[in-house]
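If you want the building blocks of each chain, they are given just below.
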Amino acid sequence: MKHFRPRLSRRAFWVLCALLVCLRLALTGFQQAYIWVGGAPLDDELMFRAANHITAGQWLGAYDYLTLSKAMFFPVWLALLHALHLPYLIGGTALWCGASLLAAFAFSTLWRKKDPAQGRVLTLGLFAALAFLPSSWAAYTLRVYRDNIFPALCLYFFAGMAGMALRAVFTPEKPLWPWLAAAGAGLACGYLDREDAGLFLLPFAAAASVIVAVVLAGKRRWKALAAQVIPYAMLGVGVLTFCTLNYTHYGVFALSDFSEGSFAAAMGAMMRVDTDSTAPYLSVPADAREKIYDAVPELEPLAYWLEEDAQLQNDFRDPNLGDYRAGSFYWAIRRAAQFEGIYADAKTADAYWQTVADKINAACDAGTLPSRTGRRVATSQPISAAYVPSTLAETWNGFWHVLGLRDCAPYETLRSIGTEDDFAAWSGYLHCGFNSAANAGEDTPYYSPYQKTVFAVMQGWTRVCSILLTVGVLCAVLCQLAELLPQRRQKCTAQTVVPWLLLFGIFGIALLRCAMIAFVEVSSFGIGTSTMYLATVHPLLVLYAFAGLLLYGRPRKTDKRRENAWQIYWSSAAARRA
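Everything numeric in this text was worked out from a predicted model, so none of it was measured.

Colleague: Before we go on, may I ask you to explain the overall build of the protein chain in this structure?
Modeller: For the protein chain, the helix and strand inventory stands at 23 helices and 2 strands. Since a compact globule built from 578 residues should have a radius of gyration of about 25 Å, the 27 Å found for the protein chain is in line with a globular shape. Once the C-alpha set of the protein chain is aligned to its principal axes, its extents read approximately 100 × 60 × 45 Å. The buried share among the 578 residues of the protein chain stands at 52%. Contacts in the protein chain between residues far apart in sequence, at least 24 positions, make up 77% of those at least 6 positions apart.

Colleague: Would you mind going over the environment of aspartate 350 with me for this structure?
Modeller: Tracing the sequence through the fold places aspartate 350 in helix α16 (residues 346-366). According to the relative accessible area criterion, aspartate 350 is partly exposed, its value standing at 38%.

Colleague: Explain the pattern of salt bridges here, please?
Modeller: Any two side chains of opposite charge can pair, on the condition that their charged atoms come close. Here the structure, examined in full by the defined rule, presents 19 salt bridges. The partner of arginine 146 in a salt bridge is glutamate 195, and the shortest N-O contact between them spans 2.9 Å. Of this pair, arginine 146 sits in the loop between α5 (116-131) and α6 (150-170) while glutamate 195 sits in the loop between α7 (177-193) and α8 (197-218), placing them 49 residues apart in sequence. Look at glutamate 195 and you get partly exposed, because its relative accessible area is 31%. Note that glutamate 307 is salt-bridged to arginine 317, the shortest N-O span being 3.6 Å. Residue glutamate 307 is located in helix α13 (residues 300-307), and its partner arginine 317 is located in strand β1 (residues 317-318); the two are separated by 10 residues in the primary sequence. A relative accessible area of 24% places glutamate 307 in the partly exposed class. Connected through salt bridges with shared partners, the residues Asp43, Asp44, Lys70 and Arg143 form a single ionic network.

Colleague: Mind showing me how you'd approach the state of the cysteines here?
Modeller: What we call a disulfide is simply a covalent bond connecting the sulfur atoms of a pair of cysteines. One pass over the structure, following the stated rule, counts 0 disulfides. Left unpaired, cysteine 17 is separated from the closest cysteine sulfur, that of cysteine 97, by 10 Å. Looking at cysteine 17, the relative accessible area reads 3%, which means it is buried. There is no disulfide at cysteine 189, and the cysteine sulfur nearest it, in cysteine 154, is 11 Å away.

Colleague: Any chance you could explain the packing of helix α15 (residues 326-339) against helix α20 (residues 494-525) here in plain terms?
Modeller: Pairs of packed helices are described in terms of their axes, by the angle between the two and the distance that separates them. Two elements in contact, α15 and α20, have axes separated by 7 Å at closest approach and are oriented at 65°. Contacts from Ala326, Gly327 and Tyr330 in α15 reach Ser523, Ser524 and Phe525 in α20. For the contact of α15 with α20, the residue count by class is 3 nonpolar, 3 polar and no charged.

Colleague: How should the packing of aromatic side chains be read in this particular structure?
Modeller: Each aromatic ring pair is characterised by the separation of its centres together with the angle its planes make. Using the criterion set out here, one finds 36 aromatic pairs in the structure. Considering the side-chain rings of phenylalanine 13 and tryptophan 14, the 5.2 Å spacing of their centres and the 80° angle between planes classify their relative orientation as edge-to-face. Judged by relative accessible area, which is 3%, phenylalanine 13 ranks as buried. Assessed through its relative accessible area of 43%, tryptophan 14 is described here as partly exposed. Where phenylalanine 158 meets phenylalanine 204, the ring centres are 4.9 Å apart and the plane angle is 75°; that geometry is what we call edge-to-face. Of this pair, phenylalanine 158 sits in helix α6 while phenylalanine 204 is found in helix α8, placing the two residues 46 residues apart along the sequence.

Colleague: I tried to follow the side chain of threonine 275 on my own but got confused; where do I start?
Modeller: The residue threonine 275 is located in the loop between α11 (262-270) and α12 (286-295) in this model. At 2.7 Å, the side chain of threonine 275 forms a polar contact with the side chain of aspartate 287. Beyond its immediate chain neighbours, meaning those up to four positions away, threonine 275 contacts Pro285, Asp287, Ala288, Lys291 and Arg372.

Colleague: Before we go on, may I ask you to explain unusual backbone geometry in this structure?
Modeller: Most peptide bonds take the trans configuration, and most residues that are not glycine carry a negative phi. Phi is positive for tryptophan 59, which is not a glycine, with a value near 55°. When its relative accessible area of 9% is taken as the criterion, tryptophan 59 is described as buried. Even without glycine at this site, histidine 85 takes up a positive phi of about 60°. You can see histidine 85 is positioned in the loop between α3 (73-84) and α4 (88-107).

Colleague: Just to check I follow, could you spell out the nonpolar core for this structure?
Modeller: When a protein is soluble and globular, its nonpolar side chains tend to lie buried together. Counting 181 residues, the largest nonpolar core has Phe107, Leu299, Trp353 and Ile360 as the members making the most contacts within it. Among all residues touching leucine 299, those that are not within four sequence positions of it are Ile292, Tyr293, Ile333, Tyr352, Trp353, Val356 and Ile360.

Colleague: Would you mind showing me how to read the side chain of threonine 67 here?
Modeller: On the secondary structure map, threonine 67 appears in the loop between α2 (44-55) and α3. Its relative accessible area of 1% is what places threonine 67 among the buried residues. Separated by 3.0 Å, the side chain of threonine 67 and the backbone oxygen of alanine 62 make a polar contact. Among the polar contacts listed, one links the side chain of threonine 67 to the backbone nitrogen of aspartate 64, at a separation of 2.8 Å.

Colleague: When you look at the environment of aspartate 309 in this model, what are you seeing that I'm missing?
Modeller: Following the sequence through the fold, aspartate 309 ends up in the loop between α13 and α14 (310-316). With 279 residues separating them along the chain, aspartate 309 and phenylalanine 30 place their C-alpha atoms 44 Å apart.

Colleague: It is not clear to me how a nonpolar patch on the surface should be interpreted in this structure. Could you clarify?
Modeller: Together, Val15, Leu16 and Leu19 make up an exposed nonpolar region whose accessible area comes to about 250 Å². Mapped onto the secondary structure, leucine 19 falls in helix α1 (residues 10-29).

What counts and what doesn't
- Residues numbered from 1 in each chain as written.
- Predicted model: local features only at pLDDT ≥ 70, side-chain atom pairs only at ≥ 80, totals over all residues.
- Heavy atoms only, no water.
- Helix = DSSP H or I, 4+ residues; strand = E, 2+ residues; numbered from the N terminus.
- Rg over C-alpha atoms; globule rule 2.2 N^0.38 Å.
- Buried < 20%, exposed > 50% of the residue type's maximum accessible area, 1.4 Å probe, protein only.
- Contact = heavy atoms within 4.5 Å.
- Salt bridge = Lys/Arg side-chain N within 4 Å of Asp/Glu carboxyl O.
- Disulfide = S-S within 2.5 Å.
- Axes fitted to C-alpha atoms, helices over the stretch in contact; angles between N-to-C directions.
- Nonpolar A, V, L, I, M, F, W, Y, C, P; charged D, E, K, R; others polar.
- Phe/Tyr/Trp six-rings, centres within 6.5 Å; stacked < 30°, edge-to-face > 60°.
- Polar contact = N/O pair within 3.5 Å; in protein donor to acceptor, adjacent residues only side chain to side chain.
- Core = buried A, V, L, I, M, F, W, Y, C linked by side-chain atoms within 4.5 Å.
- Patch = residues over 30% accessible without salt bridge, like charges linked within 9 Å, V, L, I, M, F, W, Y side chains within 5 Å.
- Areas by Shrake-Rupley, 256 points an atom, 1.4 Å probe, with all protein chains shown as cover.

This is the structure we're talking about:
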């Protein structure tokens, strides 16, 4: 009896792709964005303000303590959507669908030996699994913030690198540069969208480039080998462009004056100073600050704002700890410096923080200030053995948080806050609506019966996906590890080793992202496991489960032949005994 094998013509494939994209966009049409005007000056409001300045031809606007504090690709994206008159949420969904389709085609090489009509079914299935991944419509995507597009940018990068690696091995007759260009676009835009993107993307890029370079050099494909520089060249061009714009407008040749340069040096120096405090999450506790004020006169003017000003302490100090968490202190001290006129211009701020860093480091080196670490240039907490157990535990929690697709509700439970003028300005620029209407007698957002019905369907799909993803990933891990057993081990060739290493790398980089977020959580934030920060992991696990089960989850024909041979042997032996 023949097994049913679904098939798709090329035309049917593209028609179904278009229908799936339209359905995904239609689901987004039922969603509403969320803002809190006055409540997110460091995040959403910063991005929106910068986007308006870009539209006005002023780059990021007048310089202050926030202007260069974050990577600023997202305001460029907002300005682009505004220029194209595309609704904000629809634009983000279209970007995600494009990344999903690229990823599906990237891995389609793995089922190249199938009938093309059958292969299209698998490609369509992977595209649908990614396009309708519940994390792509979760509540965090409704904020006007850079994480709305960061998972899509990362998926473009991973899809480009995977497509390049698989085609270098299985279809050497096809050019690699289109996939390398896609990877370069994702790498450059992702790197310019979040400061931590480099720690997440570059290790995978370096490993993939080295492995593919070995394969290409062995086949003497020198042009393809030279093309491996394309992603890094595109990254360099993107960084150079932003640095040049910042230098032209502010006199600082850098992507950020927060995570690099003199401010990072000053923060690293302050975190060197030893403390008697054992409270969690504190990078520069009160007793350390008192020692620093005494040793560095330049910081004395900031002491009033940090230690006495009621408004600044209300904005940044943790009332439960009675002090500034690491994730808040650097914003508090920058705002205090703003109040003292230090951010009058970028050069003044740079010189000030460099002086602070030099004096603290000199005092630590001389023993005037007690030191707990060596010199550092960083805004993050120093890594220590004390964080290892809690980081591992949070990494484990984050991994299961992703597998369970938790906190992926397609709506925001909080109502948008702002005046009518605020909503008019934001809606006019972003071409989308906000959940500002409230239920009668409540301060909760109003959603129509149609919206609630659609949201219920989306949440039902989330529950189904959480089961499929959990089972799929765990089975894929077991099946891939089983490939190392002698009974199943294949001859080591590029066509067997590269796909195994690719999936191993995808799973490993997903765990790395979980660990990165876990360390920041246990050392600085203490806000709980966040879907927003882990949203780049979900598509990686989908790719891993889908490709891993397809490659290693089925019995091989060679195993069947071996089984048949043993059956013939034992049958003939039994016949001889008879």
